[in-house]
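Residue-level structure breakdown
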Amino acid sequence: MAEPSAATQSPSVSSSSSGAESSAPGGGSGSPGACPALGTKSCGSSCAVHDLIFWRDVKKTGFVFGTTLIMLLSLAAFSVISVVSYLILALLSVTISFRVYKSVIQAVQKSEEGHPFKAYLDVDITLSSEAFHNYVNAAMVHINRALKLIIRLFLVEDLVDSLKLAVFMWLMTYVGAVFNGITLLILAELLVFSIPIVYEKYKTQIDHYVGIARDQTKSIVEKIQAKLPGIAKKKAE
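Residues numbered from 1 in each chain as written. Predicted model: local features only at pLDDT ≥ 70, side-chain atom pairs only at ≥ 80, totals over all residues. Heavy atoms only, no water.

1. Examining the overall build of the protein
For clarity, the cut-off: For the purposes of this entry, the term helix denotes a DSSP run of H or I that reaches at least four residues, the term strand denotes a run of E that reaches at least two, and both are numbered from the N terminus. Categorising residues by exposure relies on relative accessible area from a 1.4 Å probe, with only protein chains included: less than 20% of the type maximum marks a residue as buried, more than 50% marks it as exposed, and the intermediate range marks it as partly exposed. For this analysis, residues touch if any pair of their heavy atoms sits within 4.5 Å. Note that accessible areas follow from Shrake-Rupley with a 1.4 Å probe, and for residues the cover is restricted to the protein chains shown.
What the protein contains, in helices and strands, is 11 helices and zero strands. Across the protein, helices and strands are ordered from the amino to the carboxyl terminus as α-α-α-α-α-α-α-α-α-α-α. Classification of the 237 residues of the protein by burial places 11% in the buried group. Long-range pairs, those at least 24 residues apart, make up 42% of the contacts in the protein with a sequence separation of at least 6. Here the protein displays about 18,900 Å² of accessible surface, and carbon together with sulfur accounts for 68% of that area.

2. With respect to the environment of Pro116
Counting through the fold element by element, Pro116 comes out in the loop between helix H4 (80-109) and helix H5 (118-121). Residues Pro116 and Ser103 lie 13 residues apart in sequence; the distance between their C-alpha atoms is 8.6 Å. If we skip the residues at most four places from it in the chain, Pro116 touches Phe98, Arg99 and Lys102.

3. Notes on the packing of helix H3 (residues 58-77) against helix H8 (residues 181-192)
The following threshold applies: Here the axes come from fitting lines to C-alpha atoms, over the contacting stretch only for helices, and the angles between their N-to-C directions go from 0 to 180 degrees. Any angle between 65 and 115 degrees counts as roughly perpendicular, while under 35 counts as roughly parallel, over 145 as roughly antiparallel, and the rest as oblique. Here is the rule for handedness: rotate from the far helix to the near one, and if that takes an anticlockwise turn smaller than a right angle the crossing is left-handed, while a clockwise turn gives right-handed.
It is at 9 Å that the axes of H3 and H8 come closest, and there the two elements cross at 165°. By the criterion of interaxial angle, the relationship of H3 to H8 is roughly antiparallel. For the pair H3 and H8, the sense of crossing is left-handed. Along its contact with H3, which presents Val64, Phe65, Thr68, Leu69, Leu72, Leu73, Leu75 and Ala76, the element H8 presents Ile182, Leu185, Ile186, Glu189 and Leu190.

4. Side note on the packing of helix H6 (residues 129-154) against helix H7 (residues 159-178)
Going by this rule: In this classification, Asp, Glu, Lys and Arg are treated as charged, Ala, Val, Leu, Ile, Met, Phe, Trp, Tyr, Cys and Pro as nonpolar, and every other residue, Gly included, as polar.
In the contact formed by H6 and H7, the axes pass within 8 Å of each other and the chain directions differ by 95°. As summarised for this structure, H6 and H7 are arranged roughly perpendicular, according to the angle between their axes. Only Asp161, Ser162 and Leu165 of H7 make contact with H6, whose side of the interface consists of Arg152, Leu153 and Phe154. Here the contact of H6 with H7 is composed, by residue class, of three nonpolar, one polar and two charged.

5. Quick notes on the pattern of salt bridges
Opposite charge on two side chains allows them to pair when their charged atoms are near. Put simply, the test is: Whenever Lys or Arg places a side-chain nitrogen within 4 Å of a carboxyl oxygen from Asp or Glu, that contact is recorded as a salt bridge.
Per the stated rule, a full pass over the model turns up four salt bridges. Between Asp122 and Lys118 there is a salt bridge whose closest N-O contact spans 3.6 Å. Where Asp161 meets Arg152, a salt bridge forms, and the shortest distance between an N and an O atom there is 3.0 Å.

6. A closer look at the UniProt feature "transmembrane region" (unreviewed entry) in the protein
Using the following cut-off: UniProt positions are given in the numbering used here, feature names are shortened, and annotations may be inferred rather than shown by experiment.
UniProt tags residues 63-92 and 177-199 as "transmembrane region" (unreviewed entry). Across residues 63-92, the secondary structure splits into 93% helix and 0% strand, with the terminal C-alpha atoms separated by 20 Å. The distance from the first to the last C-alpha atom of residues 177-199 is 30 Å, and the span holds 83% helix and 0% strand.

7. Brief notes about unusual backbone geometry
In the Ramachandran plot, Trp55 falls in the positive-phi region, its phi being about 60° despite a non-glycine side chain. The exposure class of Trp55 is partly exposed, given its relative accessible area of 27%. Here the phi dihedral of Lys110 falls at roughly 55°; this positive angle occurs in a residue that is not glycine. Among the structural elements, Lys110 can be located in the loop between H4 and H5.

8. Concerning the environment of Thr126
Heads up, the condition is: Within 3.5 Å is the distance limit for a polar contact, defined as a pair of N or O atoms, with the added protein rule that one can donate a hydrogen and the other accept it, and that residues adjacent in sequence qualify only through two side-chain atoms.
Along the polypeptide, Thr126 turns up in the loop between H5 and H6. Judged by its relative accessible area of 62%, Thr126 falls in the exposed class. Looking at Thr126, its side chain comes within polar contact range of the side chain of Asp124, at 2.7 Å.

9. Some points on H6
How we decide: A helix is expected to span 1.5 Å for every residue after the first.
Compared with the 38 Å implied by 1.5 Å per residue over 26 residues, the 37 Å span of H6 between its first and last C-alpha is a close match. The positive-phi residue at the C-terminal boundary of H6 is Val156, with phi of around 55°.

10. Focus on the side chain of Thr61
Locating Thr61 in the fold gives a position in helix H3. Given the relative accessible area of 0%, Thr61 is considered buried. A polar atom in the side chain of Thr61 sits 2.9 Å from the backbone oxygen of Leu52. Setting aside residues up to four positions removed in sequence, Thr61 forms contacts with Asp51, Leu52, Trp55, Arg56 and Phe193.

11. Overview of the packing of aromatic side chains
We apply this condition: Only Phe, Tyr and Trp rings are paired, with Trp represented by its six-membered ring, and only when their centres lie within 6.5 Å; those with planes under 30 degrees apart are stacked, over 60 edge-to-face, the remainder tilted.
One pass over the structure, following the stated rule, counts five aromatic pairs. Ring geometry for Phe65 against Phe193: centres 5.2 Å apart, planes inclined by 55°, an arrangement best described as tilted. Pair noted here: Phe65 is in helix H3 and Phe193 is in the loop between H8 and helix H9 (195-201), with a separation of 128 residues, a long-range link. As far as burial versus exposure is concerned, Phe65 and Phe193 are alike and both buried. Between the aromatic rings of Trp170 and Tyr174, the centroid separation amounts to 5.3 Å while the plane-to-plane angle is 85°, which identifies the pairing as edge-to-face. Of this pair, Trp170 and Tyr174 both sit in helix H7, four residues apart, roughly one helical turn. In textbook terms, an aromatic cluster arises when at least three aromatic residues are bridged by ring pairs, as seen for Trp55, Phe65 and Phe193.

Written out as structure tokens, the structure reads:
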């Protein structure tokens, strides 16, 4: 008598299990605020950067944004040597003052707490050979990819891509006449910490206009490729 009840229960069990599978992470489309590397080994670093530029932790992002902006503004006003020297002096002033303060407190209270930075001094910061080789291998992948791209562009493997680079460099000559490198870095930081959060709020409208611009650009590029000698013949082959 127990067998029919078990049989009647099996469809619900299978349907619930299929529903659980469909609702598993990664099954649906991710939102712009979701971490793209969730569930992978690279989630530790990529998710940290993602949360930083999306202002998930306002205090942490504000500290990073403010510190880097002050440093870039200092580099715009002073030389690199002066900025680095002042930063090191400020850090040493804080650590030496705190070390002397704790020593005086321990002498007055006759306590033996030890070095105030002992917990940090005992941290193992040595870089293993395996980790070093992993970083080098990861860097070599990007370097080789960049070298292939440079060779492809400068030796005109694709005429349109090389023309795009030429036009971009021509525009950058006008940008360089107005801004210097530090100014561009300041603008880049402002964009990095502002565009993602704005895009997250107005994703639908931005995607609509970006799609229109992409379609128009694609049609223009196709017209140029059709008129350039050798491009149409290469595509036909």
